[in-house]
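# Examining the three-dimensional arrangement
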Amino acid sequence: MKTELALTPLSGSTLFIITAPSGAGKSSLLKALTKQDPSLGISISHTTRAPRPGEEDGREYHFTTVSDFLEKQKKGEFLEYAEVHGNYYGTSRRAILERLSNGKDTLLEIDWQGAMQIRKLIAETVSIFILPPSIATLEERLNRRGQDSPEIIAGRMEAASEEISHACGFDYVIINDDFDHALSQLAAIVEATRCRLPRQVVTHTRLFEQFGIISDIR
Ligand code: GDP
Ligand code: ADP
Ligand code: 5GP
């Protein structure tokens, strides 16, 4: 675990954790964010949930069986995993550590349980919670998305208040009312993180050396 803690500050990359109740808009926001900044990569989780219409294996998720998931978990292949809405979801350890050690900023779209596990493991994380503007809007969005059955939507609405009750443990909160406004706030958090001193020192070491200020920092 010690190597994982040391990884991110040395490589100058950040792991952004994005959490929200189902239907708050996190997938749509992250898709739009990576479109405008392709250097950001979204981690593709493993899940035992069935693919929704239009979802492709290896694009939204690595879809897998419960026995395969549990075997991978036993072998330590997940950095974190959790049971969410009756299915298992897990983040690939190798994929994440590889990206971070190559200096690539990475977005994790995971539930609050996974968020807590990751924050204990990795030093340089920035966690962002996305709230819908109201509970009624959340339900409207889940219905309008039209990809889940009424029973599944009811279950996700039930789970929403539990998920939301963990929002205060996050670094940032974005209210996804106007989509473009929420997207610009998300992009602003990413840019501000990139300007943090420890990152700038790693990314622009030569410049800091030229100005003779590197020893002030170390
Ligand atoms: P959505 O909430 O409507 O986008 O539905 P999904 O089925 O895509 O995600 C279900 C839940 O699993 C959400 O809370 C996700 O944040 C969470 N989730 C997705 N991938 C992971 C993962 O790798 N690890 C953990 N812990 N949670 C995940
Ligand atoms: P999540 O990944 O959090 O489950 P999605 O990104 O799938 O949520 O969004 C749920 C639905 O709400 C989608 O149909 C999406 O197009 C819509 N949506 C997302 N953000 C907004 C917004 N700001 N205003 C209106 N509709 C939105
Ligand atoms: P959905 O099934 O609607 O795609 O996702 C349901 C929930 O699972 C979302 O809240 C999503 O953030 C969460 N989730 C997706 N992948 C992971 C993961 O790898 N780990 C954890 N902990 N949660 C995940």
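Per an unreviewed UniProt entry, the chain is named Guanylate kinase, and its organism is Oxalobacter vibrioformis. Quoted straight from UniProt, the Function (unreviewed entry) entry for the chain says "Essential for recycling GMP and indirectly, cGMP."

Next up on the list: the site of ligand 1. Close to ligand 1 lie 20 residues; Ser22, Ser45, Arg49, Tyr61 and Glu80 are nearest. Interatomic distance of 2.6 Å between a side-chain N/O atom of Ser22 and an oxygen atom of ligand 1. Relative to its unbound accessible surface of 580 Å², ligand 1 loses 98% to contact with the protein. Among the elements of the structure, helix H2 (26-36), strand E5 (78-84) and strand E6 (87-92) are those that each provide at least two residues to the shell around ligand 1.

Right, let's get into the site of ligand 2. The immediate surroundings of ligand 2 are formed by 14 residues, with Gly23, Ser27, Ser28, Arg145 and Asn176 found nearest. The backbone of Gly25 places a nitrogen or oxygen atom 3.0 Å from an oxygen atom of ligand 2. Those elements giving two or more residues to the shell around ligand 2 turn out to be H2 and helix H6 (135-145). At 3 residues, H2 tops the list of elements feeding residues into the shell around ligand 2. Across the shell around ligand 2, the residue classes break down as 3 nonpolar, 6 polar and 5 charged.

Looking now at the UniProt feature "domain: Guanylate kinase-like" (unreviewed entry) in the chain. Per the UniProt record, "domain: Guanylate kinase-like" (unreviewed entry) is annotated on residues 13-191. Across residues 13-191, helical content stands at 44% and strand content at 22%; the span's end C-alpha atoms are separated by 12 Å.

Residues Leu207, Phe211 and Ile213 make up a contiguous nonpolar surface patch of about 280 Å² in total accessible area. Turning to its location among the elements, Leu207 is positioned in helix H10 (residues 205-210). Residue Leu207 is classed as partly exposed on the basis of its relative accessible area of 40%.

On to the pairing of E5. Taken across its 7 residues, E5 has 5 buried, putting it largely inside the fold. Across 6 bridges, E5 lies against E6 in antiparallel orientation. When the bridges of E6 are listed, Val84 appears paired with Asn87. As consecutive antiparallel partners, E5 and E6 are separated by 2 residues, and within that stretch His85 has a phi angle of approximately 50°, a positive value.

As for its placement among the helices and strands, Arg199 is situated in helix H9 (residues 197-203). Within polar-contact distance, the side chain of Arg199 engages the side chain of Thr14 at 3.0 Å.

Below, the discussion takes up the sheet that holds strand E2 (residues 41-42). Taken in spatial order, the 5 strands line up as E2-E7-E1-E8-E9 in an open sheet, and their pairing is parallel. The open sheet has two edge strands with one neighbour each: E2 and strand E9 (172-175). Inspection of the sheet shows strand E1 (residues 15-19) paired to strand E7 (residues 106-109) by 4 bridges, in the parallel sense. Each bridged residue has a counterpart across the sheet, and for Ile18 the counterpart in E7 is Glu109. In the packing of H2 onto the sheet, the strands contacted are E1, E2, E7 and strand E8 (125-131), and the crossing angle to E7 comes to about 170°. Across the face of the sheet, helix H8 (residues 179-194) comes into contact with E1, E8 and E9 while running at roughly 160° to E9.

Any two aromatic rings considered together are summarised by their centre-to-centre distance and by the angle between their planes. In total, this model carries 6 aromatic pairs according to the counting rule given. Centroid distance Phe69 to Tyr88: 5.3 Å. Interplanar angle 15°. Geometry classified as stacked. With Phe69 in helix H3 (residues 66-74) and Tyr88 in strand E6, the pair connects residues that are 19 residues apart, well separated along the chain. With relative accessibility at 0%, the residue Phe69 sits in the buried group. Judged by relative accessible area, Tyr88 falls into the partly exposed class, the value being 21%. Clustering of aromatic rings is evident, with ring pairs tying together Phe69, Phe78, Tyr81 and Tyr88.

What counts and how
Residues numbered from 1 in each chain as written. Chains lettered and ligands numbered in written order. Predicted model: local features only at pLDDT ≥ 70, side-chain atom pairs only at ≥ 80, totals over all residues. Heavy atoms only, no water. UniProt positions renumbered as here; feature names shortened; annotations may be inferred. Near = heavy atom within 4 Å. Polar contact = N/O pair within 3.5 Å; in protein donor to acceptor, adjacent residues only side chain to side chain. Areas by Shrake-Rupley, 256 points an atom, 1.4 Å probe, with all protein chains shown as cover. Helix = DSSP H or I, 4+ residues; strand = E, 2+ residues; numbered from the N terminus. Nonpolar A, V, L, I, M, F, W, Y, C, P; charged D, E, K, R; others polar. Patch = residues over 30% accessible without salt bridge, like charges linked within 9 Å, V, L, I, M, F, W, Y side chains within 5 Å. Salt bridge = Lys/Arg side-chain N within 4 Å of Asp/Glu carboxyl O. Buried < 20%, exposed > 50% of the residue type's maximum accessible area, 1.4 Å probe, protein only. Pairing = 2+ DSSP bridges. Contact = heavy atoms within 4.5 Å. Axes fitted to C-alpha atoms, helices over the stretch in contact; angles between N-to-C directions. Phe/Tyr/Trp six-rings, centres within 6.5 Å; stacked < 30°, edge-to-face > 60°.

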